Amino acid sequence: MSADERRESVIRAAITEFARGGYSATSTEAIARRVGVSQPYLFRLFSNKQAMFLAATERCLEDTRKVFADAAEGLEGEAALHAMATAYQRLILHDPDKLLMQMQLYSAVAAAEAAGDHEFGESARAGWLQLWDDVHLALGADADETTTFLAYGMLANTLTSLGFPAGHRVWSGFYSSARPDA
């Protein structure tokens, strides 16, 4: 396996481990074990644990942007909105580590900020801003539509993370394309 392929394996493993354990509680040893490499080998690919976490968050945001872009391709306005909403519900249903990784990202950045580490979140904010920009363009560069779409997405993240099942009354205010399948 090439170094690039190994690096990709580490990023995928890091998403899973950080998604399930969070930044602080996840050891690089667990990531190495999941990949099947030694812990020192990880540090030949990434300078430290923070670099692994940031690579995992960048990939998670990148994958979400791709899901939105693929769903909205060739569509405009409301058709793009509904296609992206449906695609996002499928993503978090079929790849829950992506949702958990997002939630861990927000928590880790907030904790770092509270501790005075303002650099930790720079990469995450840049990735999230790119996500906002991509959605904004797909929705016709309408700031209100972009904000509403992403606000509903964050609410969907929260409800899904809390385990509210499809069909529960808390989903009733969502447009049908943004509700989880029953």
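As a starting point, this report considers the structure included with it.

### Structural notes on the overall build of the protein chain
Phase 1: The secondary structure content of the protein chain amounts to eight helices and zero strands.
Phase 2: Its helices and strands in sequence order give the protein chain the pattern α-α-α-α-α-α-α-α, from N to C terminus.
Phase 3: On C-alpha atoms alone, the protein chain measures out to a radius of gyration of 17 Å, which is about the 16 Å that the 2.2 N^0.38 rule sets for 182 residues.
Phase 4: When the backbone C-alpha atoms are referred to their principal axes, the protein chain occupies close to 50 × 40 × 30 Å.
Phase 5: Here the protein chain holds 182 residues, and the buried ones make up 41% of them.
Phase 6: Long-range contacts, defined here as pairs at least 24 residues apart, represent 58% of the contacts in the protein chain between residues at least 6 apart.
Phase 7: Carbon and sulfur atoms provide 53% of the accessible area of the protein chain, an area that totals close to 9,600 Å².

### Details of a negative patch on the surface
Phase 1: Residues Glu 78, Asp 142, Asp 144 and Glu 145 make up a contiguous surface patch of negative charge.
Phase 2: On the secondary structure map, Glu 145 appears in helix H8 (residues 143-161).

### Thoughts on the packing of helix H6 (residues 96-114) against H8
Phase 1: One can describe the packing of H6 onto H8 by two numbers: an axis separation of 11 Å at closest approach and a directional angle of 105°. On the basis of their axis angle, the class for H6 and H8 is roughly perpendicular. Where H6 approaches H8, its residues Leu 99, Gln 102, Met 103 and Tyr 106 are matched on the opposing element by Met 154, Asn 157, Thr 158, Thr 160 and Ser 161.
Phase 2: When grouped by side-chain class, the residues that make up the contact of H6 with H8 number four nonpolar, five polar and no charged.

### Overview of the side chain of Ser 177
Phase 1: Within the secondary structure, Ser 177 sits in the segment after H8.
Phase 2: A distance of 2.6 Å separates a polar atom in the side chain of Ser 177 from a polar atom in the side chain of His 82.
Phase 3: Filtering out sequence-adjacent residues up to four positions away, Ser 177 remains in contact with His 82, Ala 85, Thr 86 and Gln 89.

### Structural notes on unusual backbone geometry
Phase 1: Unusually for a residue other than glycine, Ala 141 sits at a positive phi of about 60°.
Phase 2: Looking at the element boundaries, Ala 141 is found in the loop between helix H7 (120-138) and H8.
Phase 3: Under the relative-accessibility criterion, Ala 141 is labelled partly exposed at 44%.

### Quick look at helix H5 (residues 77-94)
Phase 1: For H5, which comprises 18 residues, the first-to-last C-alpha distance of 26 Å matches the rise-based estimate of 26 Å (1.5 Å per residue) to within 8%.
Phase 2: Within H5 the residues assigned to the buried category are Ala 80, Leu 81, Ala 83, Met 84, Ala 85, Ala 87, Tyr 88, Gln 89, Leu 91 and Ile 92.

### Some points on H6
Phase 1: The end-to-end C-alpha separation of H6 is 27 Å, in line with the 27 Å expected for 19 residues at 1.5 Å each.
Phase 2: Contact partners of the buried residues in H6: helix H1 (3-25), helix H4 (49-72), H5, H7 and H8.
Phase 3: Backbone geometry just downstream of H6 places Gly 116 in the positive-phi region, at approximately 90°.

Rules of the game
- Every chain is numbered on its own, with residues counted from 1 as its sequence reads.
- Given that this is a predicted model, residues contribute local features only at a pLDDT of at least 70 and side-chain atom pairs are listed and counted only at 80 or more, while totals for whole chains, interfaces and linings are drawn from all residues.
- Computation of side-chain values: all heavy atoms of the structure, hydrogens and water removed.
- Helix and strand definitions here come from DSSP, where helices need a minimum of 4 consecutive H or I residues and strands a minimum of 2 consecutive E residues; each element is numbered from the N-terminal end.
- All radius of gyration figures rest on C-alpha atoms, and the globule criterion is 2.2 Å times the number of residues raised to 0.38.
- Residue burial is assigned from relative accessible area. The probe radius is 1.4 Å, only protein chains are included, and a residue is buried under 20% of its type maximum, exposed over 50%, and partly exposed in between.
- Between two residues, a contact is recorded if the distance between any of their heavy atoms is within 4.5 Å.
- Here the accessible surface of atoms and residues is derived via Shrake-Rupley with a 1.4 Å probe, and residues count as covered only by protein chains that are part of the display.
- Patch members must show over 30% relative accessible area and no salt bridge, and they are joined within 9 Å when carrying like charges or within 5 Å when they are nonpolar side chains of Val, Leu, Ile, Met, Phe, Trp or Tyr.
- Here, a salt bridge means any Lys or Arg side-chain nitrogen found within 4 Å of an Asp or Glu carboxyl oxygen.
- His is not counted, nor are the chain ends, whereas Lys and Arg count as positive and Asp and Glu as negative.
- Note on charges: their place is set at NZ of Lys, CZ of Arg, CG of Asp or CD of Glu.
- Lines fitted to C-alpha atoms define the axes, with helix axes restricted to the stretch in contact, and inter-axis angles between N-to-C directions lie between 0 and 180 degrees.
- Here roughly perpendicular refers to angles of 65 to 115 degrees, roughly parallel to angles under 35, roughly antiparallel to angles over 145, and oblique to all remaining angles.
- Under the scheme applied, nonpolar residues are Ala, Val, Leu, Ile, Met, Phe, Trp, Tyr, Cys and Pro; charged residues are Asp, Glu, Lys and Arg; polar residues are all the others, including Gly.
- Two N or O atoms form a polar contact when they lie within 3.5 Å of each other; inside protein one atom must be a possible hydrogen donor and the other a possible acceptor, and for residues adjacent in sequence the pair counts only when both atoms belong to side chains.
- Residue count minus one, scaled by 1.5 Å, sets the expected span of a helix.

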